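# Topology and contacts: notes
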Amino acid sequence: MRVTQSMLSNNMLLNLNNGYSRMSKLQDQITLGSKITRPSDDPVIAVKGMGYRRDLGQVEQYTRNMNEVNNWIDTTDESLDQVGERMKRVRELVIQAANDTNTPDERAKIKAEIDQIRQQIQDVGNTKIADRYIFSGTRTNQPLFENGAIDPTTVNSEDVVIEVYDGIQMKVNTPGAGLFQDIDNMMGEISDLLDPNRAGGPATGEEIGNALGGVAEHSTGDDITAIHNKILEAQADVGARQNRVELMENRLSIREVSVTKQLSDNEDVDYAKAITEMVTSESIHQAALSVGAKIIQQTLVDFIR
């Protein structure tokens, strides 16, 4: 087969264009820091990258969910701590009121403080995060206490759960209806016993102590000691969930680092290798230009200049 000048020229131009294309691709990789600039460059890398980004998106969503979980649990812990501190004050007041040296007027003053503490505890029971009541179960749009009484619709409401990992959900609320109902009932009994106008006459110190457990030897199950233990149990449950949250946060952090590394290994360009290939391609291109200048023969046009 006869090789013509036109064939040599076309072949040289094809090789030069391929060289330009290769250098352009390497330049894009070095500039962008990625092995591919479009899916068609390497479909396998592109598909893997989509999977890794989807995983990172899930980790980011779970991390946001964990922030919400922390908000619920921390607020619940703080609220229960406030209730526990108020109960300590109630115990002090009951012990003080159980002393028969108190006059009816003095017990009336203790009653007034007890009533204020009762109101404070009801306010804590209506604690909100943004516009959601944290002790009302899934009925987060309804306060636990309405007009000084437990809203009956919150008693049997379900737990609030948030997904924190693939197929893993965490309970974030502490059901408040039962606990706060017991507290409120006890506080009502205390207030009644300290009322100077109580039906049947003012309660004696022994009645106050035995009925409320403030100075009683044994807990009756609904006295201050028993109620305070219930609060401590609720706080212990919250603490256990806080520990689990920390473990899940560590797991999410490890997952994020792992997926980010996989994404980097899949897509990030090896700068040293890319620069070396770029320099090599430039050298080859310069050599091709030099050889091409010798291959292309002069034509009549060159002599007309």
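The rules behind these values
- Residues numbered from 1 in each chain as written.
- Predicted model: local features only at pLDDT ≥ 70, side-chain atom pairs only at ≥ 80, totals over all residues.
- Heavy atoms only, no water.
- Helix = DSSP H or I, 4+ residues; strand = E, 2+ residues; numbered from the N terminus.
- Areas by Shrake-Rupley, 256 points an atom, 1.4 Å probe, with all protein chains shown as cover.
- Patch = residues over 30% accessible without salt bridge, like charges linked within 9 Å, V, L, I, M, F, W, Y side chains within 5 Å.
- Salt bridge = Lys/Arg side-chain N within 4 Å of Asp/Glu carboxyl O.
- Buried < 20%, exposed > 50% of the residue type's maximum accessible area, 1.4 Å probe, protein only.
- Axes fitted to C-alpha atoms, helices over the stretch in contact; angles between N-to-C directions.
- Parallel < 35°, antiparallel > 145°, perpendicular 65-115°, else oblique.
- Left-handed = near helix turned anticlockwise from the far one by under 90°.
- Contact = heavy atoms within 4.5 Å.
- Nonpolar A, V, L, I, M, F, W, Y, C, P; charged D, E, K, R; others polar.
- Polar contact = N/O pair within 3.5 Å; in protein donor to acceptor, adjacent residues only side chain to side chain.
- Core = buried A, V, L, I, M, F, W, Y, C linked by side-chain atoms within 4.5 Å.
- pLDDT = per-residue confidence, 0-100.
- Expected span 1.5 Å × (residues − 1).
- Arc of directions from axis to C-beta.

### Regarding the overall build of the chain
Broken down by element type, the chain carries eight helices and six strands. Secondary structure elements in the chain, listed N-terminal to C-terminal, are α-α-α-β-β-β-β-β-β-α-α-α-α-α. Per element, the accessible surface of the chain, about 17800 Å² overall, is 50% carbon and sulfur.

### Section: a nonpolar patch on the surface
A contiguous nonpolar surface patch, about 270 Å² in accessible area, is contributed by Tyr271, Ile275 and Val279. The topology assignment puts Val279 in helix 7 (residues 271-295). On the accessibility criterion, Val279 (46% relative accessible area) is partly exposed.

### Thoughts on the packing of helix 3 (residues 104-125) against helix 4 (residues 177-193)
Running from N to C, helix 3 and helix 4 cross one another at 165°; their axes reach a closest spacing of 10 Å. Between helix 3 and helix 4, the angle falls in the class roughly antiparallel. The crossing of helix 3 and helix 4 is left-handed. Of the residues in helix 4, those touching helix 3 at Lys111, Ile114, Asp115, Ile117, Arg118, Ile121, Gln122, Val124 and Gly125 are Phe180, Ile183, Asp184, Met187, Gly188, Ile190 and Ser191. Within the contact of helix 3 with helix 4, the residues separate by chemical class into eight nonpolar, four polar and four charged.

### Describing the environment of Thr174
As for its placement among the helices and strands, Thr174 is situated in the loop between strand 6 (168-171) and helix 4. For Thr174, a relative accessible area of 7% corresponds to the buried category. Linking Thr174 and Gln235, residues 61 residues apart in sequence, is a C-alpha distance of 9.2 Å. Excluding residues that lie within four positions of it along the chain, Thr174 makes contacts with Thr76, Ile134, Phe135, Ala234, Val238 and Arg241. Within the local environment of Thr174, its side chain forms a polar contact with the side chain of Arg241, the two groups lying 2.9 Å apart.

### Description of the nonpolar core
Met87, Phe180, Ile183 and Ile190 are the most contacted members of the largest nonpolar core, which totals 50 residues. Breaking this core down by element, the ones donating at least two residues are helix 2 (43-97), helix 3, strand 5 (161-165), strand 6, helix 4 and helix 6 (224-267). Residue contributions to this core peak at 12 residues, all from helix 2.

### Section: the confidence of the model for the chain
Mean pLDDT for the chain: 83, with 86% of residues reaching 70 or above. Below pLDDT 50 for its whole length, residues 214-219 participates in 13 contacts with residues either more than four positions away or in separate chains.

### Some words on helix 3
Quick reminder: α-helices carry 3.6 residues per turn. Residues three or four places apart thus point the same way. Taking 1.5 Å per residue, 22 residues should reach 32 Å; helix 3 reaches 31 Å between its end C-alpha atoms and fits that length. Every buried residue of helix 3 is accounted for by Arg107, Ile110, Lys111, Ile114, Ile117, Ile121, Gln122, Val124 and Gly125. Angular distribution of buried residues about the axis of helix 3 spans 145°; they occupy a single face of the element. In helix 3, the exposed positions that point more than 90 degrees away from the buried face belong to Lys109 and Gln116.

### Section: the side chain of Lys111
Assignment of secondary structure puts Lys111 in helix 3. Polar contacts involving the side chain of Lys111 include one to the side chain of Asp115, which spans 2.8 Å. Those residues in contact with Lys111 that sit more than four places away from it in its chain are Ser191, Leu194 and Asp195.

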